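Structural description and commentary
Listed below, chain by chain, are the residues.
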Amino acid sequence: MKVLKILLVLFIIGLVAGIGGAFGLYNWAAKDLPGFKKITDYNPPLVTTVYAKDNRVLGYFYKEKRFLVTLDQMSEWVPKAFLAAEDASFYQHDGVDLTAIARAFVANMKAGKTKQGGSTITQQIIKRLLLSSERSYRRKLKEAILAFRLENYLTKEEILTIYLNQIFLGAHSYGVEAAARTYFAKHAKDLTIAEAAMLAGLPQAPSRYNPYRNWDQAKQRQRYVLDQMHALGWIDGDQYRAALDEEITLQSMPDPSWQTGAYYLEEVRRWLIDKFGEDTVYNGGLTVTTSCDLKHQAAAEKALRRGLLDSAKRRGWIGPVTNVNPADAAAILEEGPQDTETIMEKDHPVKAWVVRVLADKAFVRFGKYNGVIPIKAMWWVREPNIKKSHEDAPDPKDARKILKKGDVVWVTVAKAPESPEGVWTLDLERRPLIEGALVSIKPDTGEVPALVGGYSFHRSQFNRATQARRQPGSAFKPIVYSTAIDNGFTAASIILDAPIVYANDAQGKLWRPENFEGTFEGPTLLRTALVKSKNLVTIRIAQKLGIRKIIERAKALGLESDFPADLSVSLGSAVVTLENLCEAYTAFARGGSYIKPRTVLSVHSAWGEEMFTSVPEAVDAISPQTAYIMATLMKQVVQNGTGWRAKVLHRPVAGKTGTSNNEQDAWFMGYAPYLLTGVYVGFDELKPMGKWETGSRAASPIWVAYRKAVEEDYPYQDFTQPPGIVMVQVDGNTGKLASPGSSKEFFLPFKVGTEPTEMSSGGGGGGSAPASQDDLFKQTF
């Protein structure tokens, strides 16, 4: 009896000691436990997705490639495969699997070190989000305590959703959606049993089981997962065998980022960071919808690239890229086209290696193809000279004076052979150093369907559409002429086109502005002065108006610049961005109010909450009548003046060319009621582009190429005549009402009450007139 009492006392002492030890062990492990609000308010780093207007992806921003998906947005096999591989008793335990821990304890004791874990999925979440990856029993106890607590706060489905979105699965992919895109070019909801099992095999060692690197090991691990799923009864025998036999194709879903629309995407990125901050943009999983139209964007990029290539060729030949021997040619040929999918793109030159040169042609290899460059494709080759255009130099006659064996040159395809194995006829090209930009705006909404900031985003990320500030030259004149229309001038006003000289007494300098063509036409209609872009008439108008009024009008149209307070501002000496000039021109296209460009239409959080919504923002600037008069006059610039290339559209298009001094900058601004497009061309450093590199030659062909590709998207539409406008047939020489004897007539718009009432006597003046002594005056400015 005494022995039993002793044993009972010892048992009680042992029980108390055990309870006390367990309590002490719990307190020791639970010391400094972190809270798990970070898990219950799960907000992982997510990919921000930028969409074009048609919901096609324009690009992604992220630091961790993770796309948040719920269980119902996954294939049913995804959670089953991961549970089979990582935690088969997930729905039975309370966060800790004691059997698994015991198994790990025995294995670690035998190994003499921490070798194996018995963590449940809940514990893995705790480890990844709250604790370190240290392998120790104290950390394991912390895991167990936190896992047990977590299971009392979240449902099993919520815990599993967090795990499947958080887990790293190799190849820069976090979560099952990113992994599905990376390994199978699929969404998680479309994964098969075999594909889900391959993904489920990755968490243990993402690098070792990466199927791109180690296919055999990935397949072994996949089989293990499938064995587990079969043993658990989650797939039957037929499904198991079909999954083992399934042929898996590894491919990554294409990432459109920084491809078509790279400049547009970068502009959106900069805007988002300014608005929401870098951390939100790269980790917030935002959904961003833009006004980018990928058809427009691709057409704009193609047109700009081809236009800059043509511009570069007009400056002459600067020699081959390099010269290599046959042994080194293989690397050049590997860079070239290996299939015919993109070989016909005229805006993407490829390298060719010259194998033989005759007087009338050069034979080349490009990629895996054979080609010939005929001498007629070298028409533009000449010694570069900015004082001469290519028309001033004779066409080359001997290809041997241009190319030699081993030269590496740029080419595009001019004509394809009957079969790809034949000889391709090629055009000789040179890559441009010249740069440019294109912006397209819908005047009714301000949406920007296309924005291109240069020849190649990968060559230069500087956006010439929004960041380059250059002189618009004559593209500024519509601002001057719209001011004139509101201050006593009409389309039929007569202004003298003759030489004029101004003196700057402070600097002791004279300014002798000239017309571009160097001629003078004497008394000239305001309409004709705009159509022919007469500098001297524009200066006289500006002098009459006063510079202050012109600057006020420019600012009223939304132009942002430090406008010089002198007459040169009337010829476009104030620097502006292309996007800003397009914004100002929208006032002419939409009846008097300009509209602010809208690249970003909406931004939503990862949870679908609205963070930003853009609405059209219009600002009244000029009257509808003035806008209509300017649109009508600029239509005549296209029909009869420097914008003639745009006539090819056979649509009512208004436009204005611009060229700064010494052909340093070339512009073309053209618009219809439904779409306004501006083009800029010039070197990044201020220097001449060369003789005749004007807005008409350098910029308007780019505009035309782009608009020809997209014009069919819009119905035929002319500018609507507002109330208060009267159309009158005017004598082109006198500005009076046309008579039967008028030799030149124009149908012009006037504000009611300003139209001419006197009939022309016929004949009229016109032609060049010598400047009188009164015209050759000096004025201090």
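All values derive from a computational prediction rather than experimental measurement.

1. Comments concerning the overall build of the protein
- Summing up its helical and strand segments, the protein has 22 helices and 26 strands in all.
- Buried positions account for 54% of the 781 residues belonging to the protein.
- Sequence separation of at least 24 residues holds for 70% of the intrachain contacts in the protein that already meet a minimum separation of 6.
- For the protein, the accessible area works out to roughly 35,100 Å², and carbon and sulfur atoms hold 52% of it.

2. Thoughts on the pattern of salt bridges
- Summed over all chains, the structure comprises 43 salt bridges.
- Between Glu429 and Arg306 there is a salt bridge whose closest N-O contact spans 2.9 Å. With Glu429 in strand β11 (residues 423-429) and Arg306 in helix α14 (residues 294-314), this pair connects stretches of sequence that are 123 residues apart. The burial state of Glu429 is the same as that of Arg306; both residues are buried.
- Here Arg314 ties to Glu693 by a salt bridge, and the two come within 2.7 Å at their closest N and O atoms. Residue Arg314 is located in helix α14, and its partner Glu693 is located in the loop between β24 (675-682) and α22 (695-710); the two are separated by 379 residues in the primary sequence. The same class applies to Arg314 and to Glu693, which are both buried.
- Because the salt bridges share partners, they merge into one network encompassing Asp497, Glu517, Glu521, Lys532 and Lys534.

3. A short note on the nonpolar core
- Ile541, Tyr671 and Val681 are the most contacted members of the largest nonpolar core, which totals 129 residues.
- Looking at this core, the element that brings in the most residues is helix α21 (residues 624-640), giving nine residues.
- One finds Val96, Leu169, Phe184 and Ala200 within the second-largest nonpolar core, a separate group that totals 53 residues.

4. Regarding the sheet that holds strand β13 (residues 450-452)
- Pairing is antiparallel across the open sheet formed by five strands, whose spatial order is β13-β12-β24-β23-β22. The sheet is open, and its two edges are formed by β13 and β22 (654-659), each paired on a single side. For this sheet the average axis-to-axis angle between neighbouring strands, irrespective of direction, equals 10°.
- One ladder, built from eight bridges, connects strand β23 (residues 665-672) with β24; its direction is antiparallel. For Ala666, the partnering residue across the bridge sits in β24 and is Val681.
- Contacts from α22 reach β12 (435-441), β13, β22, β23 and β24, with the element oriented near 35° to β23.

5. Quick notes on the packing of aromatic side chains
- Inspection of every chain in the model, using the stated rule, returns 25 aromatic pairs.
- Judged by centre distance (5.5 Å) and plane angle (80°), the rings of Tyr671 and Phe719 are edge-to-face. Here the residue Tyr671 occupies a position in strand β23, and Phe719 occupies one in the loop between α22 and β25 (725-731), the gap between them amounting to 48 residues.
- Assessed through its relative accessible area of 0%, Tyr671 is described here as buried.
- Three or more aromatic residues joined by ring pairs make a cluster, and in this case those are Phe61, Trp258, Tyr263, Tyr282 and Phe457.

6. Overview of the environment of Phe363
- With respect to the element layout, Phe363 can be found in strand β8 (residues 361-366).
- For the pair formed by Phe363 and Thr425, sequence separation is 62 residues and the distance between their alpha carbons is 9.7 Å.
- When near neighbours in sequence (up to four residues on either side) are disregarded, Phe363 contacts Trp353, Val354, Val355, Arg356, Leu358, Gly371 and Val372.

7. A few points about the side chain of Ser456
- Here Ser456 is to be found in the loop between β13 and α16 (477-485).
- Taking the relative accessible area as the measure of exposure, Ser456 reaches 15% and is therefore buried.
- Excluding residues within four positions of it along the chain, Ser456 makes contact with Tyr263 and Arg305.

8. Regarding the packing of helix α3 (residues 77-86) against helix α9 (residues 193-200)
- α9 packs onto α3 with a crossing angle of 40° between their chain directions and a minimal axis gap of 8 Å. In terms of their interaxial angle, α3 and α9 are classed as oblique. Crossing angle aside, the handedness with which α3 passes α9 is right-handed. Along the contact surface, α3 presents Trp77, Val78, Ala81, Phe82, Ala85 and Glu86, while α9 presents Ile193, Ala196, Ala197, Leu199 and Ala200.
- For the contact of α3 with α9, a count of residues per class yields 10 nonpolar, no polar and one charged.

9. Let's talk about the sheet that holds strand β2 (residues 57-61)
- The five strands are arranged β2-β1-β5-β19-β20 in an open sheet whose pairing can be described as mixed. Single-partner strands in this sheet number two, and they are β2 and β20 (610-613). Each strand of the sheet is rotated relative to its neighbour by a mean of 15°, with strand direction disregarded.
- Bridge count for strand β19 (residues 600-604) against β20 is three bridges, and the pairing is antiparallel.

10. Structural notes on unusual backbone geometry
- Positive phi, close to 75°, is recorded for Asn55, a residue that is not glycine.
- With respect to the helices and strands, the residue Asn55 is situated in the loop between β1 (48-51) and β2.
- Unlike most non-glycine residues, Glu663 shows phi in positive territory, near 50°.
- With respect to the helices and strands, Glu663 occurs in the loop between β22 and β23.
- Since its relative accessible area comes to 17%, Glu663 is described here as buried.

11. Let's talk about helix α12 (residues 262-276)
- The end-to-end C-alpha separation of α12 is 21 Å, in line with the 21 Å expected for 15 residues at 1.5 Å each.
- The element α12 is largely enclosed, with a buried count of 11 among its 15 residues.
- Where α12 is concerned, the buried positions are Ala262, Tyr263, Tyr264, Leu265, Glu266, Glu267, Val268, Arg269, Leu272, Ile273 and Phe276.
- Within two residues after α12, Gly277 carries a phi angle of roughly 95°, on the positive side.

Parameters and conventions
- Residues numbered from 1 in each chain as written.
- Predicted model: local features only at pLDDT ≥ 70, side-chain atom pairs only at ≥ 80, totals over all residues.
- Heavy atoms only, no water.
- Helix = DSSP H or I, 4+ residues; strand = E, 2+ residues; numbered from the N terminus.
- Buried < 20%, exposed > 50% of the residue type's maximum accessible area, 1.4 Å probe, protein only.
- Contact = heavy atoms within 4.5 Å.
- Areas by Shrake-Rupley, 256 points an atom, 1.4 Å probe, with all protein chains shown as cover.
- Salt bridge = Lys/Arg side-chain N within 4 Å of Asp/Glu carboxyl O.
- Core = buried A, V, L, I, M, F, W, Y, C linked by side-chain atoms within 4.5 Å.
- Pairing = 2+ DSSP bridges.
- Axes fitted to C-alpha atoms, helices over the stretch in contact; angles between N-to-C directions.
- Phe/Tyr/Trp six-rings, centres within 6.5 Å; stacked < 30°, edge-to-face > 60°.
- Parallel < 35°, antiparallel > 145°, perpendicular 65-115°, else oblique.
- Left-handed = near helix turned anticlockwise from the far one by under 90°.
- Nonpolar A, V, L, I, M, F, W, Y, C, P; charged D, E, K, R; others polar.
- Expected span 1.5 Å × (residues − 1).

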